[in-house]
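These are the residues of each chain, in order.
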Amino acid sequence: SAVISQKPSRDICQRGTSLTIQCQVDSQVTMMFWYRQQPGQSLTLIATANQGSEATYESGFVIDKFPISRPNLTFSTLTVSNMSPEDSSIYLCSVDGGRVDEQFFGPGTRLTVL
Amino acid sequence: QKEVEQDPGPLSVPEGAIVSLNCTYSNSAFQYFMWYRQYSRKGPELLMYTYSSGNKEDGRFTAQVDKSSKYISLFIRDSQPSDSATYLCAMTQGAQKLVFGQGTRLTINP
């Protein structure tokens, strides 16, 4: 299994500011994913990030709001831009190990926007 | 209509009880059905997965898939306080993208 760490683990931010979340994996992986988990809601996929290509965003999510970087096979960042209270959520990084039963999740970043 | 529906609970049962968790879905193209367990302030971890219809058993846990009814279940026998967590069902057609249910918060009371 892959060990995934995220920074920060939590943050409280003011509206209108931006926060960059880091995801580090202990092994090289091709596909990384960013999810949002809002209170009482299911995990929703924001985007898929492959190294060396632009991230692919799901319906309802745009690059200007959630820019993603994927500089190498073990690291990715997600920025939540121009934040509003509606962005308060847990943001999770996930990696795909190549099999259906090999999708692993990081511990999440708990974001509160005031 | 959401692609995957899951009763969010919360569900509270005494230790030793049999727990039944369920999800329904609308996309008949789903082929893989998973159950993830998520402890507080942790990421989800895969508990079990099933391909297509049928049952799968792993210790105290049994996963059932009924594709004709678009209904999946997770049963926990002899439930323990350590089983207290949020349980999320998830499904995929096999192309990495997972679609999750809301998650059911389960508490097992000693």
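From a predicted model like this one, the values you see are computed outputs, not experimental measurements. (Residues numbered from 1 in each chain as written. Chains lettered and ligands numbered in written order. Predicted model: local features only at pLDDT ≥ 70, side-chain atom pairs only at ≥ 80, totals over all residues. Heavy atoms only, no water.)

1. Focus on the overall build of chain A
In step 1: When helices and strands are counted, chain A shows zero helices and 11 strands.
In step 2: Listed N to C, the secondary structure of chain A is β-β-β-β-β-β-β-β-β-β-β in terms of helices and strands.
In step 3: Taken over the C-alpha trace, chain A has a radius of gyration of 13 Å; the compact-globule value for 114 residues is 13 Å, and the two agree within 12%.
In step 4: Judged by the C-alpha coordinates and their principal axes, chain A covers about 40 × 25 × 25 Å.
In step 5: When each of the 114 residues of chain A is scored for burial, the buried share is 49%.
In step 6: Residue pairs in contact within chain A that sit at least 24 positions apart in sequence constitute 53% of those at least 6 positions apart. (Helix = DSSP H or I, 4+ residues; strand = E, 2+ residues; numbered from the N terminus. Rg over C-alpha atoms; globule rule 2.2 N^0.38 Å. Buried < 20%, exposed > 50% of the residue type's maximum accessible area, 1.4 Å probe, protein only. Contact = heavy atoms within 4.5 Å.)

2. Things to note about the interface of chain B and chain A
In step 1: Between chain B and chain A, the contact holds 19 residues from the first and 20 residues from the second.
In step 2: Between chain B and chain A, roughly 1600 Å² of surface is buried when both sides are summed, and carbon and sulfur atoms account for 55% of that area.
In step 3: Taking the shortest distance from any N to any O, the salt bridge between Glu58 of chain A and Lys97 of chain B comes out at 2.8 Å.
In step 4: The tally of links from chain B across to chain A stands at two residue pairs in polar contact (both at pLDDT 80 or more). (Buried area = accessible area lost by both parts, 1.4 Å probe. Salt bridge = Lys/Arg side-chain N within 4 Å of Asp/Glu carboxyl O. Polar contact = N/O pair within 3.5 Å; in protein donor to acceptor, adjacent residues only side chain to side chain.)

3. What about the sheet that holds strand S7 (residues 61-66) of chain B?
All names here are of chain B.
In step 1: What the five strands build is an open sheet, ordered S1-S3-S8-S7-S6; its pairing is antiparallel. Edge positions in the open sheet fall to strand S1 (4-6) and strand S6 (54-58), since each of these has one partner strand only. Shown here is a sheet whose adjacent strand axes are inclined to one another by a mean of 15°, direction ignored.
In step 2: With five bridges joining them, S6 and S7 adopt antiparallel strand pairing. Residue pairing in the sheet places Asp58 in a bridge with Phe61 of S7. (Pairing = 2+ DSSP bridges. Axes fitted to C-alpha atoms, helices over the stretch in contact; angles between N-to-C directions.)

4. Some points on the side chain of Thr79 of chain A
Residues and elements named next belong to chain A.
In step 1: By the secondary structure assignment, Thr79 is in strand S8 (residues 75-80).
In step 2: Among the polar contacts listed, one links the side chain of Thr79 to the side chain of Thr20, at a separation of 2.8 Å.
In step 3: When sequence neighbours within four positions are dropped, the list of residues in contact with Thr79 reads Ser18, Leu19, Thr20, Lys65, Phe66 and Pro67.

5. As for the environment of Ala55 of chain A
Residues and elements named next belong to chain A.
In step 1: Inspection of the secondary structure puts Ala55 in the loop between strand S5 (43-50) and strand S6 (56-57).
In step 2: Taking the C-alpha atoms as reference points, Ala55 and Phe66, separated by 11 residues in sequence, lie 10 Å from one another.
In step 3: Setting aside chain neighbours within four positions, we find Ala55 in contact with Thr48, Ala49 and Ile68.

6. Focus on unusual backbone geometry
In step 1: In this structure, Pro8 of chain A follows Lys7 of chain A across a cis peptide bond, with omega equal to -10°.
In step 2: Turning to its location among the elements, Pro8 of chain A is positioned in the loop between strand S1 (4-7) and strand S2 (10-13).
In step 3: For Arg41 of chain B, which is not glycine, the phi dihedral falls at a positive 65°.
In step 4: Mapped onto the fold, Arg41 of chain B is located in the loop between strand S4 (32-38) and strand S5 (45-51).
In step 5: Its identity as a non-glycine residue notwithstanding, Asp78 of chain B has a phi of 45°, on the positive side.
In step 6: Inspection of the secondary structure assignment puts Asp78 of chain B in the loop between strand S8 (71-76) and strand S9 (85-92).

7. Observations regarding the pairing of S5 of chain B
In step 1: The pairing of S4 of chain B with S5 of chain B spans six bridges and is classified as antiparallel. Across the sheet, residue Trp35 of chain B finds its bridge partner in S5 of chain B, namely Met48 of chain B.

8. Focus on the pattern of salt bridges
Residues and elements named next belong to chain A.
In step 1: Counted according to the given criterion, the structure contains seven salt bridges over all chains.
In step 2: Here Asp87 and Lys65 are joined by a salt bridge, their closest N and O atoms 2.6 Å apart. Taken together, the positions of Asp87 in the loop between S8 and strand S9 (89-96) and Lys65 in the loop between S6 and strand S7 (68-72) put the pair 22 residues apart, joining distant regions of the chain. Accessibility classification places Asp87 together with Lys65 in one group, the buried group.

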